[in-house]
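An overview of the molecular structure
Here's the letter readout for the chains.
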Amino acid sequence: MVDASRLGVHQGQLGPICDFCGARLTFGQALPIDEKWACYECYRELTGAESSVDGKQVEGLPID
Ligand SMILES: [Zn+2]
C-alpha cells in the first residue's frame, strides 16, 4: 500500500511523487526503487540503465 501522505495529484489523478526530484507522477510513470518512487529520469540515473535502452551501437565487439 502506498503512503497517502506522499501522494500528489498529477494530470487529474492521484499518484506518487518522485522521492528524488519531487516530480509528481502517475502510477504509470512511477518506477519503484526499494521503498521509494522514482520518475523515469531519476530511475535511469540511479540504475544507470540507459546504455542498452536506446539502441545505441556498441563498438568494438568482435563479429565472427
Ligand atoms: Zn525524479
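Residues numbered from 1 in each chain as written. Predicted model: local features only at pLDDT ≥ 70, side-chain atom pairs only at ≥ 80, totals over all residues.

Thoughts on the overall build of the protein chain
- A tally of regular secondary structure across the protein chain gives 1 helix and 4 strands.
- The helix and strand sequence of the protein chain, counted from the amino end, reads β-β-β-β-α.
- For the protein chain, the proportion of its 64 residues judged to be buried stands at 11%.
- A separation of at least 24 residues holds for 2% of the contacts in the protein chain among residues at least 6 apart in sequence. (Helix = DSSP H or I, 4+ residues; strand = E, 2+ residues; numbered from the N terminus. Buried ≥ 20, exposed ≤ 12 C-beta atoms within 10 Å, placed from the backbone. Contact = placed C-beta atoms within 7 Å.)

So, the confidence of the model for the protein chain
- Of all residues in the protein chain, 66% have pLDDT values of 70 or greater, and the mean over the chain is 79.
- Strand β4 (residues 36-38) holds the highest mean pLDDT among the elements of the protein chain, 94, whereas strand β1 (residues 7-10) holds the lowest, 70. (pLDDT = per-residue confidence, 0-100.)

Here we look at unusual backbone geometry
- In this model, D34 sits at a positive phi of 50°, which is unusual for a non-glycine residue.
- In this fold, D34 is placed in the loop between β3 (31-33) and β4.

So, the nonpolar core
- Listed in full, the 6 residues of the largest apolar core are C18, L25, A30, W37, A38 and C39.
- Those residues in contact with W37 that lie beyond four places of it in its chain are P16, I17, C18, D19, L25, A30 and P32. (Core = buried A, V, L, I, M, F, W, Y, C linked by C-beta atoms within 7 Å.)

Here's the deal with the environment of V9
- Take V9: it is sitting in strand β1.
- Exposure remark for V9: the 9 C-beta atoms within 10 Å place this residue in the exposed category.

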